[in-house]
Amino acid sequence: DSPMAEQALRLHVGHTVIYIGENKGGCTANDEFHEHLDTAWTLIRTVYIPRWPTMDDCLKVYRRRAEL
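Residues numbered from 1 in each chain as written. Predicted model: local features only at pLDDT ≥ 70, side-chain atom pairs only at ≥ 80, totals over all residues. Heavy atoms only, no water.

## A short note on the overall build of the chain
Here is step 1: Looking only at helices and strands, the chain features 2 helices and 3 strands.
Here is step 2: Listing every helix and strand of the chain by position from the N terminus yields α-β-α-β-β.
Here is step 3: Taking the principal axes of the C-alpha coordinates as reference, the chain spans close to 40 × 25 × 15 Å.
Here is step 4: With 68 residues in all, the chain has 28% of them scored as buried. (Helix = DSSP H or I, 4+ residues; strand = E, 2+ residues; numbered from the N terminus. Buried < 20%, exposed > 50% of the residue type's maximum accessible area, 1.4 Å probe, protein only.)

So this is what it looks like as structure tokens:
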């Protein structure tokens, strides 16, 4: 439930984010982080990586959406 990932994402000034972790509701990053990804970033690629049993980690590459 830590807001650290979401705060770091909002402060990030680059145009690309590489996220390794679980989807919304998982044990990495809070829901606000995932909501911000859904609204301000476009998913470019998903790479399935080796993971521990019961974990749903993957690597995702996002590109910042253009401001309207």
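Further notes follow.
## Thoughts on the environment of M55
Here is step 1: With respect to the element layout, M55 can be found in the loop between β2 (41-47) and β3 (58-64).
Here is step 2: Using a relative accessible area of 32% as the deciding quantity, one classes M55 as partly exposed.
Here is step 3: Along the backbone, M55 and R65 are 10 residues apart, and their C-alpha atoms lie at a distance of 29 Å.
Here is step 4: Not counting residues within four places of it along the chain, the set of residues in contact with M55 comprises E22 and C27. (Contact = heavy atoms within 4.5 Å.)

## Describing helix α2 (residues 31-40)
Here is step 1: Taken residue by residue, α2 has F33, H34, H36, L37 and A40 as its buried positions. The buried residues of α2 occupy an angular sector of 160° when projected down its axis, which confines them to one face. Across α2 from its buried face, at more than 90 degrees, point the exposed residues D38 and T39.
Here is step 2: Looking at the buried residues of α2, the elements they touch are α1 (4-11), β1 (16-21), β2 and β3. (Arc of directions from axis to C-beta.)

## What to know about the pattern of salt bridges
Here is step 1: Within the structure shown, the criterion is met by 3 salt bridges.
Here is step 2: Two residues, K24 and E35, come together in a salt bridge whose shortest N-O distance is 3.1 Å. Taken as a pair, K24 in the loop between β1 and α2 and E35 in helix α2 lie far apart in primary sequence, 11 residues in all.
Here is step 3: The exposure class of K24 is partly exposed, given its relative accessible area of 46%. (Salt bridge = Lys/Arg side-chain N within 4 Å of Asp/Glu carboxyl O.)

## Some thoughts on the nonpolar core
Here is step 1: In terms of nonpolar packing, the biggest core is built from 9 residues, these being A5, L9, V17, Y19, F33, L37, A40, W41 and Y62.
Here is step 2: Listing elements by their share of this core, those giving two or more residues are α1, β1 and α2.
Here is step 3: Among the elements that take part in this core, α2 stands out by supplying 3 residues, more than any other.
Here is step 4: Aside from chain neighbours lying at most four places away, what touches L37 is L9 and Y62. (Core = buried A, V, L, I, M, F, W, Y, C linked by side-chain atoms within 4.5 Å.)

## Quick look at the environment of Q7
Here is step 1: Turning to its location among the elements, Q7 is positioned in helix α1.
Here is step 2: When the C-alpha positions of Q7 and R45 are compared, they lie 23 Å apart, and in sequence the two are 38 residues distant.

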